[in-house]
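# Observations on chain architecture
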Protein chains: 2
Amino acid sequence: MWVLCLGFSSMAMAQEPVDLEMVNRIRQEAFHHSQVMDILGHLTEDIGPRLTNSPQMAQANAWTQEKFKGWGLANVHDEAFDDFGRGWEFSESSVEMLAPRTAPLYALPKAWTPGTNGPVEGEVMRVSIKTRKDLDQYKGKLKGKILLLDDARAYKPGTEANWQRYDAAGLAELQDFALPKDAKRDRATFLKRYTERQELARAINEFFVAEGALATIGISGWDNGVIRVGGGGSRRAGESAGVPELAMVAEHYNPLMRALERKETVKLRVNVKARFTDEANQPGYNTVAEIPGSGKANEVVMLGAHMDSWHTGTGASDNGAGVAVMMEAMRILKAVGAKPKRTIRVALWSGEEQGLIGSRAYVAKHFAAYPEPTDPAQKALPASLREPTGALQKKADYERFAAYFNMDNGSGRFRGIYAQENTAAMPIFKAWLEPFHDVGATTVTSRNTGSTDHVSFDAVGLPGFQFIQDRLDYSTQVHHSNLDTYDHSSPEDLKQAAAIVASFVWHAAQREEKLPRKPLAQD
Amino acid sequence: MWVLCLGFSSMAMAQEPVDLEMVNRIRQEAFHHSQVMDILGHLTEDIGPRLTNSPQMAQANAWTQEKFKGWGLANVHDEAFDDFGRGWEFSESSVEMLAPRTAPLYALPKAWTPGTNGPVEGEVMRVSIKTRKDLDQYKGKLKGKILLLDDARAYKPGTEANWQRYDAAGLAELQDFALPKDAKRDRATFLKRYTERQELARAINEFFVAEGALATIGISGWDNGVIRVGGGGSRRAGESAGVPELAMVAEHYNPLMRALERKETVKLRVNVKARFTDEANQPGYNTVAEIPGSGKANEVVMLGAHMDSWHTGTGASDNGAGVAVMMEAMRILKAVGAKPKRTIRVALWSGEEQGLIGSRAYVAKHFAAYPEPTDPAQKALPASLREPTGALQKKADYERFAAYFNMDNGSGRFRGIYAQENTAAMPIFKAWLEPFHDVGATTVTSRNTGSTDHVSFDAVGLPGFQFIQDRLDYSTQVHHSNLDTYDHSSPEDLKQAAAIVASFVWHAAQREEKLPRKPLAQD
């Protein structure tokens, strides 16, 4: 019977209050006086891509601070997270085939790899290295060579539209929750493999340098002339950054492999201008700003998105879009004269692409963290891959935290929100979404979504959420690719997203209670 | 009643004989001993793109001759068509943004435009020239400038799969013939506009050179990082080739325009290594080879495809695929020991991309042509745009010509054939297609298809045909683009096409009568 009562209590929560007068003001400002594309334009086209700790990321920190101050936000500051590594940037990249025929090829460097120090020319050679032992066969053979790291890959036709929105069926499917499989992840095997891979990568970098290889070329992660690539080398001072490493469009890489198979001599000229911008490891910086609350000022509602990006595009969808929307949401709240009860705090994270580093450090510093591991193997792992050890250590602000809202799935329209298995939050979100049904945001799913900064909150039991977004061409050609540029972002969708974020944040700040929490996974 | 008799006679034609024993041999050779991808590989990856009159086109002429001779074909030779223009080739192309930030941009030169003679640096400036008068405003202002020729273009999401095959509905639709609209083309207006455009292009080339502009950049014809571009400058000796001209991916071009709109100074470095390979205009060359007939040896069945291509890809789908299929069809016929009654002649055309020049010249020389116009305005037009003047002048071989089969719609599977309004040919084609229903070729449509070399035959009343092909990603990202490469061609489809071409050609060579003709359009 008590269960039934709880049921009624839940139903009562469906009458979650919604401040429609404030929604009116937010929609008006967001839809008719939007600055979201100006913000995105400056971030991506004036500043450019924002690799963590690059000079451009520092520019972005400074510029967003300036904007926040201009809008009258309080406590505007950068907050350091320690020991990220070195900065890196590049400005030129060209590859020419010199034999068997002459033609320009399209390739871009992997982040954190050295430049070529002017054009270098060499013969191409295929190397295949899966374990440390595989290095032996190449001893004395790599000098002056340009190394192909991958097999050729057959073209995979795209038999669906590469740009899509959710249809009704797709949204309906989100109502199903897949129960966790009853298989324990083999942590020991995972740890061993991870450690081996890291060691192999370091050994390869040192080996290629010692052997005098000129450069390496890998195949882009996608077809159709798109370059999809992340980092190589090493961002850590004191570690070998290896030789220059590039990723080449599949349509230019495959022919090199085929020419080698035909026993032809393939010669390339490679010119990459790239540099590490620091000698020593540096901290990274999140940019933080607030609208102070009154009444419940020591309680906080957060919103955020990572500002760092990869380097081959301009990080417009990943995640200039999220940054522009979160900044615009703050601007809207100031513009409509919002005076929240709880403090509203925006954070523009850095180091997300290297494992949610900025948000995780922030959460550890301000809210909660598991104890540092003592096992050296665990210690060597990035924090996001470590197993929780011991009891969660909570700071005073842990209990004062209301909710965190994140955006990091491209520039597609919000279609609803992932409740991250927080069933108690679902009726609240349903109520808050209702004034946005007419702009396509209708769905609350119990499902989890992962791989970005709300996970840093969720992992310590704090309510951290992300929105359901139309995927557009994010996962087909934009994510981590040279096509992640301003033109692939959707202005109308970003206006809609900013309105919804502003409204969610407002309601989370005004709500009688903080948002309900779910039990910690390990509890 | 006479009509009815004709009807019966037509139905009798449905019993068009089909040599299934030969089809067996052709399918076996084509499907199980194919060389079509080896041919395509050599043509596109060892030789490369084959711009008309480029050194690579000459290599292709020589290599295909060698292959034909190796297969035991007769009368293997190149046949010149006069006065095409100069050859051109390029080997390097790089553009770097120097301000407002540094980044490599992706652009490739338009064919028949000069190189930069080493890297040049300059500020970017938008010019908009629609008439000769528009030049005046730029006098004295272009020195050292890099000129943007186009407006920014909004990204157009691809809401259908960019790679497609015909479905049953699509094939069924091909059974409908749209009656010609009752609107006369205004030849005089067309002629005037064409002439003005040509004159403006020449004036612009001379103006930019005189004013000392460094280069021009236009926007690629397609989005998604693809470079789609043809020629610029001029291939004609004695005409100004203008300044270096490039086409840039939309995702890099649009930001330049936006930066100019924000009144920012945009500076680029451009380096294009390109050269004209001749001082004077040169003839172009078609490569021709035969399997001589016996019995009706002075009658000829032709098959062909254009071997010239644009320069940014490797001309694999346009039209290495057609060349490889036509060559493979000849190889198959030799391999199966075909001894045809009529002579079978293959032609690998050049100058197709500049207006079917090679095939048109060949048809004029061997079969028929309209008299050269006397009106100077008509004379100035490319032959393919001229109005027929006077009576068709037929050579002796005109009546001895049986049929021509062409392929030039990418590497997609044959789904049938366009009968070009030759209703009398349809039952014949239906019979010939029957042994290929199991590999997807089922459809005979009365429709016309245009824009390639069978039109040179059709235009003088000779039966010239082209096949219906699955379009794959030809018209979405491959046609005239840097993605026109080997990896975007479909090996199984090309095997199927070669078998069908070999079988059609065989049946056309063995048939009691030559193929029926339709009346000349002007008769």
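The rules behind these values
- Residues numbered from 1 in each chain as written.
- Chains lettered and ligands numbered in written order.
- Predicted model: local features only at pLDDT ≥ 70, side-chain atom pairs only at ≥ 80, totals over all residues.
- Heavy atoms only, no water.
- Helix = DSSP H or I, 4+ residues; strand = E, 2+ residues; numbered from the N terminus.
- Rg over C-alpha atoms; globule rule 2.2 N^0.38 Å.
- Contact = heavy atoms within 4.5 Å.
- Areas by Shrake-Rupley, 256 points an atom, 1.4 Å probe, with all protein chains shown as cover.
- Lys, Arg positive; Asp, Glu negative; His and termini not counted.
- Charge placed at Lys NZ, Arg CZ, Asp CG, Glu CD.
- Pairing = 2+ DSSP bridges.
- Axes fitted to C-alpha atoms, helices over the stretch in contact; angles between N-to-C directions.
- Least-squares fit on C-alpha atoms with pLDDT ≥ 70 in both.
- Parallel < 35°, antiparallel > 145°, perpendicular 65-115°, else oblique.
- Left-handed = near helix turned anticlockwise from the far one by under 90°.
- Nonpolar A, V, L, I, M, F, W, Y, C, P; charged D, E, K, R; others polar.
- pLDDT = per-residue confidence, 0-100.
- Salt bridge = Lys/Arg side-chain N within 4 Å of Asp/Glu carboxyl O.
- Buried < 20%, exposed > 50% of the residue type's maximum accessible area, 1.4 Å probe, protein only.
- Expected span 1.5 Å × (residues − 1).
- Polar contact = N/O pair within 3.5 Å; in protein donor to acceptor, adjacent residues only side chain to side chain.
- Arc of directions from axis to C-beta.
- Phe/Tyr/Trp six-rings, centres within 6.5 Å; stacked < 30°, edge-to-face > 60°.
- Lys NZ or Arg CZ within 6 Å of the ring centre and 35° of its normal.

If you tally the helices and strands in chain A, you get 14 helices and 18 strands. Here the C-alpha atoms of chain A give a radius of gyration of 24 Å, agreeing with the 24 Å that 2.2 N^0.38 yields for 523 residues. With the principal axes as the frame, chain A shows a C-alpha extent of 75 × 50 × 45 Å. The contacts of chain A with a sequence gap of at least 6 include a subset with a gap of at least 24, amounting to 85%. Accessible surface for chain A amounts to roughly 21,100 Å². Of this, 51% is attributable to carbon and sulfur atoms. One finds the centroid of the 61 positive side-chain charges in chain A at a distance of 3 Å from the centroid of its 66 negative side-chain charges.

Moving on, we come to the sheet that holds strand β11 (residues 296-306) of chain A. Residues and elements named next belong to chain A. Spatially, β1-β10-β12-β11-β15-β18-β16-β17 is the arrangement adopted by the 8 strands of the open sheet, whose pairing is mixed. Of all the strands in the sheet, the pair left with one neighbour each is β1 (74-85) and β17 (443-445). With direction set aside, neighbouring strand axes in the sheet form an average angle of 25°. Bridging between β11 and strand β12 (residues 342-349) involves 8 bridges; their strand directions are parallel. Along β12, the bridge assignment pairs Met302 with Arg345. Relative to β1, helix α9 (residues 357-366) is tilted by about 110°, and along the sheet it contacts β1, β10 (282-291), β11 and β12.

With an RMSD of 0.0 Å, the fit of chain B onto chain A corresponds to turning through 180° and sliding 0.0 Å along the axis. Such a combination of turn and shift is consistent with a two-fold rotation axis. When C-alpha distances to the rotation axis are compared across chain B, the minimum falls at Ala161(B), with a value of 1.9 Å.

With that out of the way, let us pick up the environment of Gly355(B). Mapped onto the secondary structure, Gly355(B) falls in the loop between β12 (342-349) and α9 (357-366). Sequence separation between Gly355(B) and His252(B) is 103 residues, and the spatial gap between their C-alpha atoms is 31 Å.

Residues and elements named next belong to chain B. Remark: helix α8 (residues 316-335) packs on helix α14 (residues 491-510), axes separated minimally by 8 Å, with the N-to-C direction vectors making an angle of 55°. When the interaxial angle is binned, α8 and α14 end up oblique. The handedness of the crossing between α8 and α14 comes out as right-handed. Listed contacts from α14 to Ala321, Val325, Met326, Glu328, Ala329, Ile332 and Leu333 of α8 are Leu494, Ala497, Ala498, Ala499, Val501, Ala502, Val505 and Trp506. Its residues assigned to classes, the contact of α8 with α14 shows 14 nonpolar, no polar and 1 charged.

Scored by pLDDT, chain A comes out at a mean of 94, with 97% of its residues at no less than 70. Note on residues 1-13 of chain A: pLDDT under 50 across the span, and 4 contacts to partners over four residues away in sequence or across chains.

Tallied over the full model, the rule gives 62 salt bridges over all chains. Arg202(B) is paired through a salt bridge with Glu239(B); the nearest N and O atoms lie 3.6 Å apart. Linking Arg202(B) in helix α6 (residues 187-211) with Glu239(B) in the loop between β7 (215-219) and β8 (245-248), this pair joins segments that are 37 residues apart in sequence. With a relative accessible area of 28%, Glu239(B) lands in the partly exposed category. Where Glu399(B) meets Arg517(B), a salt bridge forms, and the shortest distance between an N and an O atom there is 3.8 Å. Taken as a pair, Glu399(B) in the loop between β14 (393-394) and β15 (401-406) and Arg517(B) in the segment after α14 lie far apart in primary sequence, 118 residues in all. When its relative accessible area of 26% is taken as the criterion, Arg517(B) is described as partly exposed. Taken together, the shared-partner salt bridges connect Arg165(A), Arg413(A), Arg415(A), Asp470(A) and Asp493(A) into one network.

All names here are of chain B. Helix length check: helix α2 (residues 20-32) (13 residues) gives 18 Å between terminal C-alpha atoms against 18 Å at 1.5 Å per residue, within 8%. Those residues of α2 not exposed but buried are Met22, Val23, Ile26, Arg27, Glu29 and Ala30. Turning to α2, the residues buried within the fold contact α8 and α14.

With that out of the way, let us pick up the side chain of Asp308(A). All names here are of chain A. Turning to its location among the elements, Asp308 is positioned in the loop between β11 and α8 (316-335). At 7.7 Å, Arg50 is the nearest oppositely charged side chain to Asp308, a buried residue that forms no salt bridge. Of the polar contacts made by the side chain of Asp308, one reaches the backbone nitrogen of Glu353; its length is 3.1 Å. If sequence neighbours within four positions are ignored, Asp308 has contacts with Arg50, Thr52, Met57, Asp318, Asn319, Trp349, Ser350, Gly351, Glu352, Glu353 and Gln354.

This next bit is on α9(A). All names here are of chain A. Residues of α9 that are buried: Gly358, Ser359, Tyr362, Val363 and His366. Looking down the long axis of α9, one finds its buried residues gathered within 130° of arc, a one-sided arrangement. Where the residues of α9 are buried, they touch β1, β10, β11, β12, β13 (368-369) and α12 (454-458).

In this section: the packing of aromatic side chains. Inspection of every chain in the model, using the stated rule, returns 51 aromatic pairs over all chains. Considering the side-chain rings of Phe467(A) and Phe504(A), the 5.4 Å spacing of their centres and the 70° angle between planes classify their relative orientation as edge-to-face. One end of the pair, Phe467(A), is in strand β18 (residues 464-469); the other, Phe504(A), is in helix α14 (residues 491-510), and 37 residues separate them in sequence. Of the two residues, Phe467(A) and Phe504(A), neither departs from the other in class, the shared state being buried. The interplanar angle of 15° and the centroid separation of 4.1 Å between the aromatic rings of Tyr404(B) and Phe457(B) together place this pair among those described as stacked. You can see Tyr404(B) sitting in strand β15 and its partner Phe457(B) sitting in helix α12 (residues 454-458), a full 53 residues away along the chain. You can call Tyr404(B) buried: its relative accessible area is 0%. For Phe457(B), a relative accessible area of 0% translates into the label buried. Here a set of aromatic residues connected by ring pairs shows up, and it is made of Phe405(A), Phe414(A), Phe429(A), Trp432(A), Phe465(A), Phe467(A) and Phe504(A). A cation sits over an aromatic face here: Arg228(A) above Trp222(A), 4.0 Å from the ring centre.

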